[in-house]
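Architecture and fold: a report
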Amino acid sequence: RFAQRAGVEMCATRSLLVGRELTRWQRIRAGESHLVRTEFSPHAKPHGTVGAVARDRKGRLAAATSTGGTQDKAPGRVGDSAIIGGGTFADDRRGAASCTGWGEPVLRAVLAKSAVDALVNGRDPVVASRAALRELTRLSGFGGMIVVDRSGRAAAAFNTPRMARGLADSRGLAVLVERRERWR
């Protein structure tokens, strides 16, 4: 609708699907739903969410999440990234979290807020992020998160085959981590 209002020439959605993506789309429509679940495979083409959490010198916390989307989602569907509490959450009293994964379970778990709430009483971010991830797993969801607490301690947890992440401090890049194993 926006494109029409902006005067963009219209075409059929199907004409935008070509090559292997057209073949994949046809296979999914024919019932091969496992193709949708393989998005997090270690062999999948890299794409997806970019998230950040930060603590400034004054102790203020922030979180931001930008989604790459999920293939084959319903038209008009809003992803979890834009929903405060689901994909992104920050509270100066506890911490900040940015999440990625399948949106519906992330929303049902209120994943980002759950991770930040789990930082209560100075709880370690590793423990807090793993606790939130257990709830996502209980809901049969796939995804992960990065978390920073009010002291600046950071962690990541995920139940997918991969989730690239890194850590930087005020001096620059301190650690860049890409491990194949999952943090649970």
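Up top you'll find the structure we're talking about.
This write-up is about the structure you can find in this document. (Residues numbered from 1 in each chain as written. Predicted model: local features only at pLDDT ≥ 70, side-chain atom pairs only at ≥ 80, totals over all residues. Heavy atoms only, no water.)

1. Some details on the overall build of the chain
Across its full length, the chain holds six helices and eight strands. Reading the helices (α) and strands (β) of the chain from amino to carboxyl end gives α-α-α-β-β-β-β-α-α-α-β-β-β-β. The 184 residues of the chain split such that 32% are buried. The contacts in the chain between residues at least 6 apart in sequence include a share of 53% that link residues at least 24 apart. If you sum the accessible surface of the chain, you get close to 11400 Å²; carbon and sulfur atoms cover 54% of it. (Helix = DSSP H or I, 4+ residues; strand = E, 2+ residues; numbered from the N terminus. Buried < 20%, exposed > 50% of the residue type's maximum accessible area, 1.4 Å probe, protein only. Contact = heavy atoms within 4.5 Å. Areas by Shrake-Rupley, 256 points an atom, 1.4 Å probe, with all protein chains shown as cover.)

2. Some words on unusual backbone geometry
Not every positive phi belongs to a glycine, and valine 110 is a case in point at roughly 45 degrees. Assessed through its relative accessible area of 35%, valine 110 is described here as partly exposed. In the Ramachandran plot, asparagine 121 falls in the positive-phi region, its phi being about 55 degrees despite a non-glycine side chain. The topology assignment puts asparagine 121 in the loop between α5 (111-117) and α6 (125-138).

3. A short note on the pattern of salt bridges
What the rule picks out here adds up to eight salt bridges. Here arginine 27 ties to glutamate 32 by a salt bridge, and the two come within 2.8 Å at their closest N and O atoms. For aspartate 91, the salt bridge goes to arginine 93, with nearest N and O atoms at 2.9 Å. Looking at aspartate 91, the relative accessible area reads 13%, which means it is buried. When salt bridges that share partners are traced, they join Arg94, Lys113 and Asp117 into one network. (Salt bridge = Lys/Arg side-chain N within 4 Å of Asp/Glu carboxyl O.)

4. Some thoughts on α6
Taking 1.5 Å of rise per residue, the 14 residues of α6 would be expected to cover 20 Å, and the 20 Å separating its terminal C-alpha atoms lies within 8% of that figure. Within α6, the full set of buried residues consists of Pro125, Ala128, Ser129, Ala132, Leu133 and Leu136. All buried residues of α6 fall inside an arc of 130 degrees around its axis, so they share one side. Away from its buried face by more than 90 degrees, α6 exposes Arg134 and Arg138. The secondary structure elements touched by the buried residues of α6 are α4 (103-109), α5, β5 (143-149) and β6 (154-158). In this structure aspartate 124 caps α6, since a side-chain oxygen of it lies 2.7 Å from the backbone nitrogen of valine 126. Positive phi shows up at serine 140, right after α6, with a value of about 60 degrees. (Expected span 1.5 Å × (residues − 1). Arc of directions from axis to C-beta. Polar contact = N/O pair within 3.5 Å; in protein donor to acceptor, adjacent residues only side chain to side chain.)

5. Points about the side chain of aspartate 91
Along the chain, aspartate 91 turns up in strand β3 (residues 88-91). One polar contact links the side chain of aspartate 91 to the main-chain amide nitrogen of arginine 93, over a distance of 2.9 Å. With sequence-adjacent residues up to four places away left out, aspartate 91 is seen in contact with Leu61 and Val116.

6. Regarding the nonpolar core
By size, the foremost hydrophobic cluster in this structure holds 19 residues, and its most contacted members are Ala97, Leu111, Ala115, Met145 and Val147. Those elements giving two or more residues to this core turn out to be β4 (95-101), α4, α5, α6 and β5. (Core = buried A, V, L, I, M, F, W, Y, C linked by side-chain atoms within 4.5 Å.)

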